[in-house]
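Now for the letters of each chain:
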Amino acid sequence: MRVNLTVNGQPRSDEIEPRLLLVHYLRDVAGLTGTHVGCESTLCGACTVLLDGKAVKSCTVLAAQAGGASVTTVEGLAKDGKFHPIQDGFWEEHGLQCGYCTPGMMMAAVDLLSRTTNPSEDEIRHALEGNLCRCTGYQHIIKAVQYAAEKMRAAAGR
Amino acid sequence: MAVVPKFVGERIKRREDPRLISGTATYVDDVRLPDTLAAVVLRSPYPHARINSIDVAAARSAPGVVAVLTGGDLKDKVGGIPCVAPAEHIPFHPLLAQGKVRFVGESVAIVVASDAYKAQDAADLIDVDYNPLDAVSDPEKALEDGAPVLHEEFGNNLVTRALVPNPAVDEAIAKADKVIKFRIVNQRLAPVPMEPRGVLANWHQASGHLTIWTSTQIPHLLRSGLAAVLGLPENRVRVIAPEVGGGFGAKLNFYREEALVAYLSRMLGRPVKWIERRRENLAATTHGRDQITYLEVPVKKDGTVLGIKAKFICDMGAYLQLLTPAIPGFSGLMMTGCYKIPAMSFEQVMVFTNKMATDAYRGAGRPEAAYIAERTMDMVAGELGLDPVEVRRRNFIPKEAFPYATCAGLVYDSGDYNAALNKALEIVDYPKMRAEQADALKHGRYVGIGIASYVEICGLGPSVMLPPKVPGWESATVRMEPDSRVTVLTGISPHGQGQETTFAQMAADAFGIDIDDVAVVHGDTAIVQYGVGTFGSRGLSVGGAALMMSVGKVQDKLKKIASTMMEAPPDQLTFANRTVALKSDAAKSIPLQAVVDAAYGWKMPIPGMEPGLDATSVFEPAGCTFPFGTHISVVEIDPDTGVVKFLRYIAVDDCGNIISPLLVAGQVHGGIAQGIAQALYEEVVYDENGQLVTATLMDYAAPRAQMLPRYELAHTVTPSPLNPMGVKGVGEAGTIGSTPCVVNAVMDALKPLGIRHIDMPLRPEKLWRAIKDAKKA
């Protein structure tokens, strides 16, 4: 079957198997390997992407279901050669070690920051509960999200 | 010219991160080669069964399928998976089951097809006729007469028995005021690196060359192992550990799939890739811990511990992986902890069960040891009515006693255990916290304060301490390039630890150049000289020491060349701000580049010296390092739900000198998280018939952000005398201190209810039942 969708702002049209998962479409058809597979069962969040602006686990969405939608992956975060504030936050606050969960973690955080501009520590912990990290113990991830929130508020003049 | 700053000891953002946060890092599954085939492994659903027959006809003719292999196809064509640690019974460990399966998840067949979807379709068509056998998952039952035997050739399930006897312990038991006896369990855990394992192999027929990308912590050791199993010359095998998404010991191994995929690529003449799924990761990647310990602790009334006698039952699983029977040794040797306990003895019985093999998992034997030592101290305090702080202080090895030879025969390099304890007590304000605890109890609130003073063994290590074929040294090459930039080739294989940053900090300072002028390369056996790998918190203390040896050699050469140019003795020269300068007068200097030009251009040869600027060194440590610290947690238990809530978590760690404070904090945080997970949440569960119950991340409770506290960190600094940087290692410290700290806190909270001990994980349901039963009684 044919699927038409937008990935990181670029329209695409591809012939796919109906059973193809979105994460495999992104990695193997679109060639965007920044989105990782960690559990194939929605439990770890490594594959989190934005589907029309909302965080989804792309291992349990069919590529076909994303037809007509707009997908944003980690590769689409930076703009004009500059990192997104969430990327700056993860770098600045040592929010990653092995880096495998990081793209999904950042996409989930971007979703949170699109809903609330000044999340509390507790809100951040709950917003990220669908994303597992095995390296950091989460504390630096929380600081990374707070760093990004502050930067984004400053940029928006709030 | 801008001044080049110093980097060691500063908060430095990681050099690794830009590729990782932009989604452009290359993990194994991200490596793309043309014509790559995908492999899927068919695994046993039975814990113990005889294989009557395997029908692969339908799978072989399925669309896209290129090959299907079963155990019979490999018989006598390829070796088995090695276990390098000594044991009485080491069974043949096949790549695919040979006639019998011995644990759920054991590989039975492998299918290779044009893509992974088609390979899975075909794997589903394989018909295996199993004859199920009785299975045993409890290691104590596995030792009983009449238990199902996993490996018939041995007649029973004994792997090996290790004895460290000492009659002085029995004498101490005979004359003690009191002997405290208890049984504790370090439950089985799954390491769960976020990146599952993965392998891509590419056989080049014309040159007879094998290249393998694999998610490993030990590329060089793996190269040696693969070459031996496949019968290839080692100089025709190249192992690349690309970006590796966490290991925690689980990737300090040599796995069936690594050899299988390499074998298939050679057989088919095409690249073959296998990517582990999470279910496979939980079933067929090594587990950790799984030790039962029976303890007898003779004490004096004042809390002095006179000895420790232990019997361990260690569950090895169904086969032995690379180091499986070597891990429990550390639990025994380190169980006297920070204490001047005059005598210890132990017996370890290692057992086969119908489960995945255990092996190294973050801490590997030392978390078990610290758990024993620190639960012992709290048991002693509880039985004698003493404060746990007082009992620890009474038994601590005093700081004047270092280097200290323990009764287990280890030599602790340096330490000041009181300093770390005092600092932690100060941060938590111990007397005030005890008063608050008493007050809370009056209001029916169960608050507990848990203390753990740990010491661990790191920087493995002198080669004699490791099993045959696993060296303890580490290697490094330092090359100053013609443009005076530095390339470091390190034999360690970091997978999240950040040595591309810390090693760059060290090299930059040594040569007076910018951190961006240093590139650190690792994880490719075709580029990097033979090395050992990253495990046992050895990256910096052993790998970094090798780095500094090579740095010193290149510095010496630069100084000698500069000496002829500056007419000053080499020992009066130093490196700063991209110059070689006089130590006594930094203004008298020549540009570093001028010296580098002389070294490469070689227009003024120096007798006895070779042109160029590189050096390779190997550092063999004289001894292990012994990081230590005290962790204190304050928890509150909700008696209606059994839920444990953290009020404080304080970690005072001493890892010697600190190169990178930001990265040390990261290591400690992550370690604490995994240690808390053992205390409260995680357990690999096999039912009594050997079926794996925790086969997904829905069942295996790796902690999420809201399940963990905010950590308050502090440090004391006691340098190690054993390496030039005075570092000790910090990769596992958090894991080792946190588990007993949290269990002690929970038991402290439940003490008013008369509860003495509950085995981990202290899940709400377990605590709720214990509280309910205690209240009934």
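### Quick notes on the overall build of chain B
Moving on, step 1. Tallying secondary structure elements over chain B gives 20 helices and 28 strands in all.
Moving on, step 2. For 777 residues, the compact-globule formula gives about 28 Å, and the C-alpha radius of gyration of chain B, at 28 Å, lands near that figure.
Moving on, step 3. When its C-alpha atoms are laid out on the principal axes, chain B stretches across 90 × 75 × 50 Å.
Moving on, step 4. Contacts spanning at least 24 positions in sequence make up 80% of the contacts within chain B whose residues lie at least 6 apart.

### Observations regarding the overall build of chain A
Moving on, step 1. Counting its secondary structure elements, chain A contains 5 helices and 5 strands.
Moving on, step 2. Going from N to C terminus, chain A has its helices and strands arranged as β-β-α-β-β-β-α-α-α-α.
Moving on, step 3. The globule rule puts the C-alpha radius of gyration for 158 residues at 15 Å, and the 15 Å found for chain A is close to it.
Moving on, step 4. If one aligns the C-alpha atoms of chain A with their principal axes, the spans along those axes are about 45 × 35 × 25 Å.
Moving on, step 5. In chain A, buried positions account for 56% of the 158 residues.
Moving on, step 6. For chain A, contacts bridging at least 24 residues in sequence account for 60% of all contacts bridging at least 6.

### Considerations on the interface of chain B and chain A
Moving on, step 1. Each partner contributes to the interface: chain B provides 41 residues, whereas chain A provides 40 residues.
Moving on, step 2. Listing elements by their share of the side of chain B that touches chain A, those giving two or more residues are helix 1 (17-21) and helix 18 (661-680) of chain B.
Moving on, step 3. Across the side of chain B that touches chain A, the residue classes tally to 18 nonpolar, 13 polar and 10 charged.

### Quick look at the sheet that holds strand 1 (residues 37-43) of chain B
Residue and element names in this part refer to chain B.
Moving on, step 1. Judged by pairing direction, the sheet is mixed, and its 7 strands sit side by side in the order 3-5-1-12-9-10-11 without closing on themselves. Bordering the open sheet on either side are strand 3 (65-70) and strand 11 (237-240), each of which pairs with just one other strand. Taking the axes of each pair of neighbouring strands and ignoring which way they run, one obtains an average angle of 20 degrees across the sheet.
Moving on, step 2. Note that strand 1 and strand 12 (residues 272-275) share 3 bridges and pair parallel. Counted as the bridge partner of Ala39 is Trp274 from strand 12.
Moving on, step 3. Here helix 4 (residues 116-123) sits on the sheet in contact with strand 1, strand 3 and strand 5 (107-113), set at roughly 30 degrees to strand 1.

### Looking at the pairing of strand 10 (residues 209-214) of chain B
Residue and element names in this part refer to chain B.
Moving on, step 1. In terms of burial, strand 10 is largely enclosed, as 5 of its 6 residues are buried.
Moving on, step 2. Judged from the 6 bridges that link them, strand 9 (residues 198-204) and strand 10 form a sheet pairing that is antiparallel. Paired with Trp203 across the strands is Leu210, a residue of strand 10.
Moving on, step 3. For strand 10 and strand 11, the ladder comprises 4 bridges, and the chain directions are parallel. By the bridge assignment for strand 11, Leu210 is matched with Val237.
Moving on, step 4. In the classification by handedness, the crossover that spans strand 10, the intervening helix 7 (residues 219-230) and the parallel strand 11 is right-handed.

### A few points about the sheet that holds strand 2 (residues 10-15) of chain A
Residues and elements named next belong to chain A.
Moving on, step 1. The strand order 2-1-5-3-4 describes an open sheet built from 5 strands, whose pairing is mixed. The two strands at the open ends of the sheet, each matched to only one other strand, are strand 2 and strand 4 (54-57). Across the sheet, the axes of successive neighbouring strands diverge by a mean angle of 40 degrees, strand direction being ignored.
Moving on, step 2. Pairing geometry for strand 1 (residues 2-7) and strand 5 (residues 70-72), over 2 bridges, is parallel. Opposite Thr6, over in strand 5, you have Ser70 as the bridge partner.
Moving on, step 3. With respect to the sheet, helix 3 (residues 102-115) is in contact with strand 3 (48-51) and strand 4, its orientation differing from that of strand 3 by roughly 40 degrees.

### A look at the domain arrangement of chain A
All names here are of chain A.
Moving on, step 1. Considered domain by domain, chain A is made up of domain 1 (2-76) and domain 2 (85-155).
Moving on, step 2. The distance between the C-alpha centroids of domain 1 and domain 2 comes to 21 Å.
Moving on, step 3. Contact with domain 1, which involves 15 residues of that partner, is made by 14 residues of domain 2.
Moving on, step 4. For the side of domain 1 that touches domain 2, the leading source of residues is strand 3, giving 3 residues.
Moving on, step 5. For the side of domain 1 that touches domain 2, the per-class residue count stands at 7 nonpolar, 7 polar and 1 charged.

### Some thoughts on the domain arrangement of chain B
All names here are of chain B.
Moving on, step 1. Looking at the assigned domains, one finds that chain B contains domain 1 (17-23 + 473-619), domain 2 (31-133 + 194-246 + 251-284) and domain 3 (367-460 + 624-776).
Moving on, step 2. On a C-alpha basis, the centroid separation for the pair domain 1 and domain 3 is 40 Å.
Moving on, step 3. Listed by partner, the interface residues are 15 residues for domain 1 and 16 residues for domain 3.
Moving on, step 4. Contributions of two or more residues to the side of domain 1 that touches domain 3 are made by helix 15 (499-511) and helix 16 (539-566).
Moving on, step 5. With 6 residues, helix 16 is the largest single contributor of residues to the side of domain 1 that touches domain 3.
Moving on, step 6. Among the residues forming the side of domain 1 that touches domain 3, the class breakdown is 5 nonpolar, 9 polar and 1 charged.

### Considerations on the environment of Asn118 of chain A
All names here are of chain A.
Moving on, step 1. The residue Asn118 is located in the loop between helix 3 and helix 4 (121-127) in this model.
Moving on, step 2. In this structure Asn118 comes out as exposed when scored by C-beta crowding, with 12 C-beta atoms within 10 Å.
Moving on, step 3. Here the alpha-carbon distance between Asn118 and Ala66, two residues 52 residues apart in the chain, equals 30 Å.
Moving on, step 4. Excluding residues that lie within four positions of it along the chain, Asn118 makes contacts with Ala149 and Arg153.

### Examining unusual backbone geometry
Residue and element names in this part refer to chain B.
Moving on, step 1. Residue Pro403 is bonded to the preceding Phe402 through a cis peptide linkage, with omega at -5 degrees.
Moving on, step 2. Assignment of secondary structure puts Pro403 in the loop between helix 12 (388-395) and strand 16 (404-405).
Moving on, step 3. Positioned with a positive phi, Asp429 is a non-glycine residue whose angle comes to about 55 degrees.
Moving on, step 4. In this structure, Asp429 sits in the loop between helix 13 (417-428) and helix 14 (430-442).

### Things to note about the nonpolar core
Moving on, step 1. In terms of nonpolar packing, the biggest core is built from 310 residues, with Ala109 of chain A together with Ala39, Ala109, Val111, Val112, Ala507 and Val746 of chain B touching the most fellow members.
Moving on, step 2. At 12 residues, the largest contribution of residues to this core is made by helix 16 of chain B.
Moving on, step 3. Apart from the residues lying within four places of it in its own chain, the contact partners of Ala39 of chain B are Ile110, Val111, Val112, Ala119, Val261, Leu264, Val272, Lys273 and Trp274 of chain B.

### Looking at the environment of Ser493 of chain B
Residues and elements named next belong to chain B.
Moving on, step 1. When you line up the elements, Ser493 lands in the loop between strand 20 (486-490) and helix 15.
Moving on, step 2. Note on Ser493: 31 C-beta atoms within 10 Å, which makes it buried.
Moving on, step 3. Taking the C-alpha atoms as reference, Ser493 lies 41 Å from Glu296; in sequence the two are 197 residues apart.
Moving on, step 4. Those residues in contact with Ser493 that sit more than four places away from it in its chain are Thr216, Gln217, Ile218, Pro219, Ala241, His522, Gly523, Gly533 and Thr534.

### Some remarks on helix 2 (residues 85-92) of chain A
Moving on, step 1. In terms of residue burial, helix 2 of chain A counts as a mostly covered element, since 6 of its 8 residues are buried.
Moving on, step 2. All of the buried residues along helix 2 of chain A are Pro85, Ile86, Gln87, Gly89, Phe90 and Trp91 of chain A.
Moving on, step 3. Buried residues in helix 2 of chain A make contact with helix 3 and helix 5 (139-155) of chain A together with helix 1 of chain B.
Moving on, step 4. With its phi angle positive at about 55 degrees, His94 of chain A sits one or two positions after the end of helix 2 of chain A.

### Topic: the pairing of strand 18 (residues 446-455) of chain B
Residue and element names in this part refer to chain B.
Moving on, step 1. Of all 10 residues that make up strand 18, 10 are buried, and the element is covered over most of its length.
Moving on, step 2. The alternating pattern of strand 18 places Tyr446, Gly448, Gly450, Ala452 and Tyr454 and Val447, Ile449, Ile451, Ser453 and Val455 on opposite faces, both of which are buried.
Moving on, step 3. By the bridge criterion, 10 bridges tie strand 18 to strand 26 (residues 628-637) in an arrangement that is antiparallel. Paired with Ala452 across the bridge in strand 26 is His631.

### Looking at the packing of helix 3 of chain A against helix 5 of chain A
Residues and elements named next belong to chain A.
Moving on, step 1. At a minimum axis distance of 11 Å, the contact between helix 3 and helix 5 shows a crossing angle of 45 degrees. Taken together, the axes of helix 3 and helix 5 are oblique relative to one another. Every pair of crossing elements has a handedness; the one defined by helix 3 and helix 5 is right-handed. Within the contact between the two elements, helix 3 uses Met105, Ala109 and Leu113 and helix 5 uses Ile141, Val145, Ala148, Ala149 and Met152.
Moving on, step 2. Tallied by class, the residues present in the contact of helix 3 with helix 5 amount to 8 nonpolar, no polar and no charged.

About the cut-offs
Sequence positions are assigned chain by chain, starting from 1 and proceeding in written order. Written order decides the labels, with chains lettered from A and ligands numbered from 1. Side-chain atom pairs in this predicted model are given and counted only at pLDDT of 80 or more, local residue features only at pLDDT of at least 70, and totals for whole chains, interfaces and linings cover all residues. Put simply, DSSP H or I for four residues or longer makes a helix, DSSP E for two residues or longer makes a strand, and each gets a number counted from the N terminus. C-alpha atoms define the radius of gyration, and 2.2 Å times the number of residues to the power 0.38 defines the globule rule. What counts as a contact here is a pair of residues whose C-beta atoms, placed from the backbone, lie within 7 Å. Labels follow a simple rule on C-beta atoms placed from the backbone: if 20 or more others lie within 10 Å of a residue's own, it is buried; if 12 or fewer, it is exposed; otherwise it is partly exposed. In this classification, the charged set is Asp, Glu, Lys and Arg, the nonpolar set is Ala, Val, Leu, Ile, Met, Phe, Trp, Tyr, Cys and Pro, and all remaining amino acids, among them Gly, are polar. Paired strands, in this sense, are two strands between which DSSP finds at least two bridges. Angles here are taken between N-to-C directions and fall from 0 to 180 degrees, while the axes themselves are lines fitted to C-alpha atoms, restricted in helices to the stretch in contact. Whether a crossover is right-handed comes down to one check: with the strands pointing away from the viewer, does the path from the first strand over the helix to the second run clockwise; if it does, it is right-handed. All domain edges in this entry derive from an automatic or database-based domain assignment. Put simply, a nonpolar core is a cluster of buried Ala, Val, Leu, Ile, Met, Phe, Trp, Tyr and Cys residues tied together by C-beta atoms within 7 Å. Relative orientations are named as follows: roughly parallel for angles under 35 degrees, roughly antiparallel for angles over 145 degrees, roughly perpendicular for angles from 65 to 115 degrees, and oblique for any other angle. By definition, turning the near helix anticlockwise from the far helix through less than a right angle yields a left-handed crossing, and turning it clockwise yields a right-handed one.

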